[in-house]
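Structural description and commentary
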Amino acid sequence: MIRRYNYQKTNVLKRLLIMIPVVTGLLAGCGFQPDQTSRFPPEFFKERSDLRAELWSEMNLTASEQDFDTVMTELPEVVLDPPPEIGVNYYPEFPPDVPFNPDEWETNPPGPSIADPNAIRGGMLRYAIASFPPTIRTDGPNSSLSTLSDIHNLIYERLLGYDSTLGRYVPGLATHWQVGEDRMTFRYRLNPDARWADGRPVTADDVKASIEHLQNPDRQMPSTNLFWNNLIKEVEIIDRLTIEIRVHEPRWRNMLSISAGLQIYPAAYIRMDGETYLNDWNWKLPPGSGPYELREEDIIQGRSITLRRRDDYWNEDDPSMQGVYNFDAIRMEVVRDSELIYQKFLAGELDVHIINAGQRWVQEVDQEHAVRMGWIQRRRIWNRSPSGYGGYCFNMRNPPFDNRNVRLAVTHLFNREELFSKYFFYQYEYMDSYFPGQEWARPDAEPVRFNPHEARRLLSAEGWERDRSGRLVSMEDGTEFPKLTLEMAGDSASALRIHNLFRDTLWREAGIELELRQVDSASLSKRVWEHQFQLVYWFWTASLYPNPKFPFHSRFAHQTQSSNLAGIQIPEVDELVVDYQFEFDYDRRVEMLQRVDELVFDEHPYALAWYTPSFRLMYWDKFGHPKEYASRFGSHLNNVVAFWWFDPEKAERTAANQAARRPNYPDKELNQYDEVEQDWWMFNDFPMNWSPDEHENGDDDTHKDTNDNNDTNGFDMEETDIVKLYLPEHHLIRTIESKSDNSDRRVS
């Protein structure tokens, strides 16, 4: 007789009673009936002298369940069931369906996109990442990395997208939406066709569970938890496909935060305790609703992560999805050395590569044999992707950088002019704002340039002078100026020459010692997030509509895992960033941000570096792409992932020509089949083959109440996230940049 014993941690007596026939047979075999032949020799229980008492004491178990299970497993007629799995027993109940009248709801058609509907599906895209992520989770500690964001954006979707060109919402998981007159109540009607990768329908309970997940403090992401708790007051399931979300306060950013900032997860999997989520789910993900999936076998620890396109994606046939996400597989290969990345790319082991070094782009790329033969193509693509800020971040919490004049003096010793002329070939612009190149930047700003004389004057004003040995010492008591330490991950030659020049200049011009210390990426991240640094070379990505609260508000100056790395504390900035959240007038918000920029810049929390509204891309000539190459606001490789495709004919031709040592385009200079400089977006607002006059809703004003004259444009996420408009244009997806040594973000 086979009985199944369900492994539960509760109701021991009930399980024991279920097992009475088995236990009775066991006791008989233990000598209670000496004349009956036992399947267990006397030695069996001699070695377990207390087992009988533990198993049979007033019909209760006093032994550990592990001991009991061990004995039960050894009985041939007993089979133990495994522990119940997350996602198995999920049968939610919903209120009765509410009649749905689309005329009472808002919706919009997709806006303009550069996607080519004739793009070919298939093939693999391979590119490098600088380090292997410490987790694969979407949230929790160590999850705020650009690599993870790129992965999650392809697996999970949001309620709505935001069309950045026309400034309006478009369907995502939800097809329709409503906004209350008080701007505090939002309803969403989910697409009845939306499905998770395991086949379950996407429901209102999934939206509620996703919010509960982000609001739950046991996920150990305090800033995220604080944000979503402060934003969302109540969530109500109206019916299976309708969810109502009420917020605490009428902020201009509310709808966009909820609509396009909330990643939706399946309730069947995400409802778990924090310990289980942080430990058991460190290297696996709940099923997603997006076009790609990540299988556990495709996570090769320390080496690569491969995403695979789903063949059962629920939105596959929607017109807005034609020509996007075309690759069958996307492989991110870990290559920790930037020079090795370049050599692997030239060898054909990687398909695309971003050139971050201006010197290499100007002096070396054209000399590569594969480029001259046209097997590798190169493009510099200009668009309007917002630029973030960064450079040498000072820890203002501790000496010596708790002193403004010291920070400004060191900033004057950051010789960007020499870098531009010697190494960068004037490929970049000076970063003189915390919103560089954007309308939020303060107008007519006074820049800070290399000025050793001014640096020495500022240091002298604070009581520091050089002694006979050349060291900077206190004029009061002769103590030496603190020796500075710059910890850095990776050994990029381009980054090292920046740091070496900075180190040499500090000593030569001011007698300040700077030690360069090599550490691994994980150690650097940990120390930076815990504010255990003096000086760090750090860059942030930017959002289309900034949120200055988390990087600049005093509240986050001493909070770990916050983007206020420097420890900025400016009372007027605090007031401005709070008022900014409630200001529905767009022009007034611009003025507020310009003032924030002015105040923060004047404190010099960073020695700001440089930026450019372009990216330099090299790729093997086996891909098709839109005519514009990139979307209006998309950045770097995200454009390739979203819009490009593998062209088997090009791949075959390039392989054949490479084998025969023939050029791909013998009649073209350097065998480029197109101009190197692509600048469509610098002069145009729409894709090449799209006209607002031809669009069915191009001049429609019926939805302006939803947009409130741009009062909902933007994002509001946890402070460790720097949110960026992603791709395609009608899908708004976040990208997170947490440190400057990510291969796709290092600026040099």
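This section reports on the structure supplied with the text. Quick caveat: nothing in here was measured; it's all calculated off a predicted structure.

1. Re the overall build of the protein chain
Scanning the protein chain from N- to C-terminus turns up 25 helices and 28 strands. Across the 748 residues that make up the protein chain, the buried fraction comes to 60%. Within the protein chain, residue pairs in contact and separated by at least 24 positions form 75% of the contacts whose partners lie at least 6 positions apart.

2. Things to note about the packing of aromatic side chains
For the coordinates displayed, the defined rule picks out 43 aromatic pairs. Aromatic pair Tyr392 and Phe414: ring centres 5.0 Å apart, planes at 70 degrees, arrangement edge-to-face. In this pair, Tyr392 is assigned in strand β16 (residues 390–394) and Phe414 in the loop between α15 (404–412) and α16 (416–424), connecting sequence segments 22 residues apart. Seen from their ring centres, Phe414 and Trp610 are 5.7 Å apart, and the 45 degrees between their planes marks the pair as tilted. In this pair, Phe414 sits in the loop between α15 and α16 while Trp610 sits in strand β24 (residues 610–611), placing the two residues 196 residues apart along the sequence. Considered together, Phe414 and Trp610 belong to a single accessibility category, that of buried residues.

3. Let's talk about the pairing of strand β22 (residues 535–539)
The element β22 is largely enclosed, with a buried count of 5 among its 5 residues. Of the two faces of β22, the one lined by Leu535, Tyr537 and Phe539 and the one lined by Val536 and Trp538 are each fully buried. Of the pairings in the sheet, the one linking β16 to β22 comprises 5 bridges and is antiparallel in character. Bridge pairing in β22 places Cys393 opposite Val536.

4. Concerning α16
Along α16, the residues that are buried comprise Arg416, Leu419, Phe420 and Phe424. Mapping the buried residues of α16 onto a view down its axis gives an arc of 100 degrees, with all of them on the same face. In the core, the buried residues of α16 are packed alongside α13 (358–364), β17 (429–430), α18 (493–510), β23 (606–608) and β24. Just downstream of α16, Phe425 is the residue with a positive phi angle, here 55 degrees.

5. Observations regarding the environment of Glu249
Mapped onto the secondary structure, Glu249 falls in the loop between β9 (242–247) and α9 (254–261). Taking C-alpha positions, Glu249 is 8.4 Å from Arg183, a pair spaced 66 residues apart along the chain. Apart from the residues within four sequence positions on either side, Glu249 is in contact with Met184, Asn254 and Phe582. In terms of polar contacts, Glu249 uses its side chain to reach the side chain of Arg251, at 2.7 Å.

6. Regarding the pattern of salt bridges
One pass over the full model with this rule turns up 42 salt bridges. Here Asp312 and Arg310 are joined by a salt bridge, their closest N and O atoms 3.1 Å apart. According to the relative accessible area criterion, Arg310 is buried, its value standing at 3%. Across the pair Glu509 and Arg456 runs a salt bridge whose closest N-O atoms are separated by 3.0 Å. Placement of the pair is Glu509 in helix α18 and Arg456 in helix α17 (residues 452–461), with a sequence separation of 53 residues. Glu509 gets classed as buried once you look at its relative accessible area, which sits at 16%. Classification of Arg456 by relative accessible area gives partly exposed; the value is 37%. Within the structure, one salt-bridge network assembled from shared partners comprises Arg187, Glu234, Glu236, Glu244 and Arg246.

7. A look at the sheet that holds strand β7 (residues 185–190)
The strand order across the open sheet formed by 4 strands is β6-β7-β9-β8, and the pairing between neighbours is antiparallel. Edge positions in the open sheet fall to β6 (174–179) and β8 (232–239), since each of these has one partner strand only. Pairwise comparison of adjacent strand axes, ignoring direction, gives a mean angle of 20 degrees for this sheet. Relative to β9, β8 runs antiparallel, the two being bridged by 6 bridges. By the bridge assignment, Val235 is partnered in β9 with Ile245. Packing against the sheet, helix α8 (residues 222–231) makes contact with β8 and β9, and its axis sits at approximately 65 degrees to β8. This element, α9, spans β6, β7, β8 and β9 of the sheet and lies at about 25 degrees to β7.

8. Digging into helix α21 (residues 571–582)
Those residues of α21 that fall on the buried side of the exposure criterion are Val573, Asp574, Leu576, Val577, Tyr580 and Gln581. One side of α21 holds all its buried residues, which, seen down the axis, span an arc of 170 degrees. With respect to the buried face of α21, the exposed residues turned more than 90 degrees away are Pro571 and Glu575. The inward-facing, buried residues of α21 contact α20 (549–552) and α22 (586–603).

9. Some remarks on the sheet that holds strand β14 (residues 352–354)
Spatial ordering of the open sheet is given by β14-β25-β15-β28, a layout of 4 strands whose pairing is mixed. Single-partner strands in this sheet number two, and they are β14 and β28 (677–678). Relative to strand β25 (residues 614–620), strand β15 (residues 376–382) runs antiparallel, the two sharing 7 bridges. For Trp382, the partnering residue across the bridge sits in β25 and is Ser614.

10. Considering the pairing of β25
In terms of burial, β25 is a largely internal element, 7 of the 7 residues being buried. The alternating pattern of β25 places Ser614, Arg616, Met618 and Trp620 on one face and Phe615, Leu617 and Tyr619 on the opposite face, and all of these are buried. Sheet topology places β14 next to β25; 3 bridges connect them, and they run antiparallel. When the bridges of β25 are listed, His353 appears paired with Met618.

11. Section: the nonpolar core
Counting 169 residues, the largest nonpolar core has Tyr188, Trp610 and Leu617 as the members making the most contacts within it. Formed by 18 residues, the second largest nonpolar core is a distinct cluster that contains Ala128, Leu346, Ile376 and Met618.

12. Let's talk about unusual backbone geometry
Omega for the bond connecting Pro399 with Pro400 falls within 30 degrees of zero, at 5 degrees, which places this linkage in the cis form. Tracing the sequence through the fold places Pro400 in the loop between β16 and α15. One non-glycine residue, Gln220, lies in positive phi territory at about 60 degrees. A positive phi is found at Phe425, a non-glycine position, where the angle reads about 55 degrees.

13. Side note on the packing of α8 against α9
It is at 11 Å that the axes of α8 and α9 come closest, and there the two elements cross at 120 degrees. Looking at the two axes, α8 sits oblique to α9. Pair α8 / α9 crosses with left-handed handedness. For the pair formed by α8 and α9, the contact residues are Phe227, Trp228 and Leu231 on the first element and Asn254, Ser257, Ile258 and Gly261 on the second. Tallied by class, residues from the contact of α8 with α9 come to 4 nonpolar, 3 polar and no charged.

Cut-offs used in this document
Residues numbered from 1 in each chain as written. Predicted model: local features only at pLDDT ≥ 70, side-chain atom pairs only at ≥ 80, totals over all residues. Heavy atoms only, no water. Helix = DSSP H or I, 4+ residues; strand = E, 2+ residues; numbered from the N terminus. Buried < 20%, exposed > 50% of the residue type's maximum accessible area, 1.4 Å probe, protein only. Contact = heavy atoms within 4.5 Å. Phe/Tyr/Trp six-rings, centres within 6.5 Å; stacked < 30°, edge-to-face > 60°. Pairing = 2+ DSSP bridges. Arc of directions from axis to C-beta. Polar contact = N/O pair within 3.5 Å; in protein donor to acceptor, adjacent residues only side chain to side chain. Salt bridge = Lys/Arg side-chain N within 4 Å of Asp/Glu carboxyl O. Axes fitted to C-alpha atoms, helices over the stretch in contact; angles between N-to-C directions. Core = buried A, V, L, I, M, F, W, Y, C linked by side-chain atoms within 4.5 Å. Parallel < 35°, antiparallel > 145°, perpendicular 65-115°, else oblique. Left-handed = near helix turned anticlockwise from the far one by under 90°. Nonpolar A, V, L, I, M, F, W, Y, C, P; charged D, E, K, R; others polar.

Purely geometric stuff here, so don't read any function into it on its own.
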